[in-house]
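The residues making up each chain are set out below.
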Amino acid sequence: MPVDSLEPGLPLRRRLREKLPEILIEAASVVLALLLALGASAWHERNQDIERAQTARAAILAELRNNRTELGKNREATTRNLAILNEMAKDESSAKGQSARFDVPLALLSEAAWRTAQSSQALRNADYAWTIEISKCYELQGLFMQMQWLALEQLADVEKVKIDTKADIAKQLQGRFNILSNLSANLEQAYVELLDTPKPRGGK
């Protein structure tokens with residue numbers, strides 16, 4: 001309330017004392033309006049964060065679903081190759097002039113959605129326990145990808161190793177393909193647990 005509008009002739013201190021309740025009410029109204037505005041802004045921002053978390057979660061699950069399909073093709077081939085190697089391990093006949101052909105389709109497992117969610121902090125309002133499980137799954141997926149490349153490299157270089165019999169070929173490859181098979185099985189289980197688990201409460 002402007003001082004000029006106060007009744008003239010009265011001492012300033014008295015006039016201010018008389019107008020104090022009105023001034024306090026106006027000040028309280030301003031503070032309340034400000035708090036309501038801040039609360040609405042925070043509520044809107046939180047809703048946006050939750051929507052981003054839900055979008056990121058859907059993208060990650062779609063990515064894992066595609067990865068699971070890719071992994072299935074690789075698992076079938078790995079199982080066939082292990083069966084071939086198990087038979088070769090019993091064969092002490094000469095490997096000269098023999099060529100073992102293995103079907104090893106490369107499983108191209110993506111982590112683009114996961115990396116994007118991390119870099120954008122889109123999952124800061126997602127269910128924490130679910131985020132931990134997702135992180136573990138992608139770590140396991142990384143180990144599988146690394147072992148897959150090592151197995152392919154060893155397969156490509158097998159002729160450089162001293163080999164006399166077919167059993168020698170099997171001995172060179174069995175260990176790594178067994179590890180690849182175990183990692184594949186564990187990764188498949190991780191996919192199943194994440195993709196077939198009900199959505200956490202709260203839609204996060």
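All figures in this text were calculated on a predicted structure; none of them were measured in a lab. (Residues numbered from 1 in each chain as written. Predicted model: local features only at pLDDT ≥ 70, side-chain atom pairs only at ≥ 80, totals over all residues. Heavy atoms only, no water.)

Attention shifts here to the overall build of the protein. A count of helices and strands for the protein gives 4 helices and 0 strands. Each helix and strand of the protein, ordered N terminal to C terminal, gives the series α-α-α-α. Buried residues in the protein amount to 32% of all 204 residues. Surface summary for the protein: the accessible area is close to 13300 Å², and the carbon and sulfur share equals 55%. (Helix = DSSP H or I, 4+ residues; strand = E, 2+ residues; numbered from the N terminus. Buried < 20%, exposed > 50% of the residue type's maximum accessible area, 1.4 Å probe, protein only. Areas by Shrake-Rupley, 256 points an atom, 1.4 Å probe, with all protein chains shown as cover.)

Our next topic: the side chain of Q148. Along the chain, the position of Q148 falls in helix α3 (residues 128-156). Look past the residues within four positions of Q148 in its chain and what remains in contact with it is N74, P105, L106, A107 and L180. (Contact = heavy atoms within 4.5 Å.)

A general tendency of soluble globular proteins is for nonpolar side chains to be buried together. Counting residues in hydrophobic clusters, the biggest one holds 39 residues, and the most contacted among them are I60, L64, L123, I134, F144, L187 and Y191. Of all elements in the fold, only α1 (12-88), α2 (112-119), α3 and α4 (166-195) reach the threshold of two or more residues within this core. Per-element tally for this core: the top contributor is α4, with 11 residues. Ignoring sequence-local partners within four residues, the contact set of L64 consists of I134, C137, Y138, Q141, Y191, L194 and L195. (Core = buried A, V, L, I, M, F, W, Y, C linked by side-chain atoms within 4.5 Å.)

There is a patch of nonpolar side chains on the surface, built from L106, L108 and W149 and spanning about 300 Å² of accessible area. Relative to the helices and strands, L108 resides in the loop between α1 and α2. Taking the relative accessible area as the measure of exposure, L108 reaches 57% and is therefore exposed. (Patch = residues over 30% accessible without salt bridge, like charges linked within 9 Å, V, L, I, M, F, W, Y side chains within 5 Å. Salt bridge = Lys/Arg side-chain N within 4 Å of Asp/Glu carboxyl O.)

What follows is about the pattern of salt bridges. A full pass over the atoms with the stated rule returns 5 salt bridges. A salt bridge links R115 to E111; the nearest nitrogen and oxygen atoms lie 2.5 Å apart. Classification of E111 by relative accessible area gives partly exposed; the value is 27%.

One non-glycine residue, Q121, adopts positive backbone phi at about 55 degrees. Using a relative accessible area of 54% as the deciding quantity, one classes Q121 as exposed.

With that settled, the discussion passes to the confidence of the model for the protein. For residues with low pLDDT, the predicted coordinates do not support detailed interpretation. Counting all residues, the mean pLDDT for the protein is 78, and 68% of those residues have values of 70 or more. Confidence, expressed as mean pLDDT per element, reaches its minimum in the protein at α1 with 77 and its maximum at α2 with 90. (pLDDT = per-residue confidence, 0-100.)

What follows concerns the environment of E133. Within the element layout of this structure, E133 appears in helix α3. Sequence separation between E133 and L194 is 61 residues; the distance between their C-alpha atoms is 7.8 Å.

With that settled, the discussion passes to the packing of α3 against α4. Close contact between α3 and α4 brings their axes to 9 Å; oriented N to C, the two are set at 155 degrees. Classified by the angle their axes make, α3 and α4 are roughly antiparallel. Like other packed secondary-structure pairs, α3 and α4 cross with a definite hand, here left-handed. Looking at the contact of α3 with α4 residue by residue, the class counts come to 19 nonpolar, 6 polar and 2 charged. (Axes fitted to C-alpha atoms, helices over the stretch in contact; angles between N-to-C directions. Parallel < 35°, antiparallel > 145°, perpendicular 65-115°, else oblique. Left-handed = near helix turned anticlockwise from the far one by under 90°. Nonpolar A, V, L, I, M, F, W, Y, C, P; charged D, E, K, R; others polar.)

This brings us to α2. Looking only at α2, the buried set comprises A113, W114 and A117. Buried positions in α2, seen along its axis, are confined to an arc of 100 degrees and lie on one side of it. Of the exposed residues in α2, the ones pointing more than 90 degrees away from its buried face are R115 and S119. At the exit of α2 stands Q121, carrying a positive phi of roughly 55 degrees. (Arc of directions from axis to C-beta.)

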